[in-house]
Amino acid sequence: MNIEEILDQLDDLLDKAWSLPLSGGRCVVDADKVRDLLDDVRLNLPTEIKQAKAIVVDRTDIITTAKREAEAIVRKAEDRARAMIAQEEVVKQSQLRAAEIISQAQNKSREMRQASQEFSDNLLKQTEDTMLKALSDIKTTRQAIKGAQKQLQQAMQHQQQQGPTE
């Protein structure tokens with residue numbers, strides 16, 4: 001017989017007991033029968049108490065294990081979060097460095113483009129100056145040739161007008 005059945009018998013015994021008048025709900029029960037049932041409870045109680053204690057110990061072990069696992073999970077999550085933050089920081093630093101390199105390259109490109117334009121402009125200016133000087137020299141030479149031709153023609157005309165000199 002288990003504890004539940006014994007307790008049910010105790011309850012039946014109380015239901016069948018007769019009440020004392022004017023006693024405030026007190027009743028008469030068979031004391032021997034109650035003692036027998038209590039003895040049965042005591043005999044059956046240790047097994048159930050052992051089971052209850054085992055359940056409590058198991059529950060305590062489960063809770064302790066669960067707390068340790070939870071703490072380990074939290075530590076692991078915190079470590080992972082720190083690693084992700086560090087990785088994100090590395091990515092941010094890399095992006096900043098990449099932007100800096102691109103900016104430097106663009107500045108260098110602008111400087112090189114400007115220097116090449118200035119060089120080309122200076123070269124063209126020198127070429128223009130050289131060509132203008134050459135053109136001026138050509139004009140001067142042409143005028144000198146024209147002047148020399150004129151003098152030669154004048155000299156020839158003058159000789160013709162004077163006739164042959166013998």
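Placed above this text is the structure.
So, here is what we can say about the structure in this document. These numbers come from a predicted model, not from an experiment.

### Things to note about the nonpolar core
At step 1: By size, the foremost hydrophobic cluster in this structure holds six residues: Ile 3, Ile 6, Leu 10, Leu 13, Leu 37 and Val 41.
At step 2: Mapped by element, the contributors of at least two residues to this core are helix H1 (3–16) and helix H2 (31–162).
At step 3: It is H1 that contributes the most residues to this core, four residues altogether.
At step 4: With residues up to four places along the chain from it excluded, the contact list for Leu 10 reads Val 34, Leu 37 and Leu 38.

### A closer look at the packing of H1 against H2
A packed helix pair is summarised by two numbers, namely the angle formed by the two axes and the spacing between the axes.
At step 1: Taken N-terminus to C-terminus, the directions of H1 and H2 make an angle of 160°; their axes are 9 Å apart at the nearest point. As judged from the angle between their axes, H1 and H2 are roughly antiparallel. As for how H1 packs across H2, the hand of that crossing is left-handed. Residue-level contacts link Ile 3, Ile 6, Gln 9, Leu 10 and Leu 13 of H1 to Lys 33, Val 34, Leu 37, Leu 38, Asp 40, Val 41, Asn 44, Leu 45 and Glu 48 of H2.
At step 2: When the residues that make up the contact of H1 with H2 are grouped by side-chain class, the tally is nine nonpolar, two polar and three charged.

### Side note on H1
At step 1: Spanning 14 residues, H1 covers 20 Å between terminal C-alpha atoms, matching the ideal 20 Å at 1.5 Å per step.
At step 2: Lining the buried residues of H1 we find H2.

### Considerations on a nonpolar patch on the surface
At step 1: A contiguous nonpolar patch, built from Trp 18, Leu 20 and Val 28 and spanning about 290 Å² of accessible area, is present on the exposed surface.
At step 2: Positionally, Trp 18 belongs in strand E1 (residues 18–19).

### A few points about the environment of Arg 35
At step 1: Within the secondary structure, Arg 35 is located in helix H2.
At step 2: For Arg 35, a relative accessible area of 53% puts it in the exposed group.
At step 3: In the structure, Arg 35 is positioned 34 residues away from Met 1 in sequence and 16 Å away in space, judged by C-alpha atoms.

### Some words on the pattern of salt bridges
Between side chains of opposite charge, a pair can form when the charged atoms approach closely.
At step 1: Summed over all chains, the structure comprises five salt bridges.
At step 2: A salt bridge links Lys 125 to Asp 129, with the shortest nitrogen-to-oxygen separation between them at 3.2 Å. Remark: Asp 129 and Lys 125 occur in helix H2; sequence separation between them is four residues, near one turn of the helix.
At step 3: The class for Asp 129 is partly exposed, based on a relative accessible area of 37%.

### Points about a negative patch on the surface
At step 1: Taken together, the side chains of Glu 4, Glu 5, Asp 8, Asp 11, Asp 12, Asp 15 and Glu 48 make up a negatively charged region of the molecular surface.
At step 2: Counting residues per element, the negative patch draws most heavily on H1, at six residues.
At step 3: Take Asp 15: it is sitting in helix H1.
At step 4: Since its relative accessible area comes to 59%, Asp 15 is described here as exposed.

About the criteria used
- Residues numbered from 1 in each chain as written.
- Predicted model: local features only at pLDDT ≥ 70, side-chain atom pairs only at ≥ 80, totals over all residues.
- Heavy atoms only, no water.
- Core = buried A, V, L, I, M, F, W, Y, C linked by side-chain atoms within 4.5 Å.
- Buried < 20%, exposed > 50% of the residue type's maximum accessible area, 1.4 Å probe, protein only.
- Helix = DSSP H or I, 4+ residues; strand = E, 2+ residues; numbered from the N terminus.
- Contact = heavy atoms within 4.5 Å.
- Axes fitted to C-alpha atoms, helices over the stretch in contact; angles between N-to-C directions.
- Parallel < 35°, antiparallel > 145°, perpendicular 65-115°, else oblique.
- Left-handed = near helix turned anticlockwise from the far one by under 90°.
- Nonpolar A, V, L, I, M, F, W, Y, C, P; charged D, E, K, R; others polar.
- Expected span 1.5 Å × (residues − 1).
- Patch = residues over 30% accessible without salt bridge, like charges linked within 9 Å, V, L, I, M, F, W, Y side chains within 5 Å.
- Areas by Shrake-Rupley, 256 points an atom, 1.4 Å probe, with all protein chains shown as cover.
- Salt bridge = Lys/Arg side-chain N within 4 Å of Asp/Glu carboxyl O.
- Lys, Arg positive; Asp, Glu negative; His and termini not counted.
- Charge placed at Lys NZ, Arg CZ, Asp CG, Glu CD.

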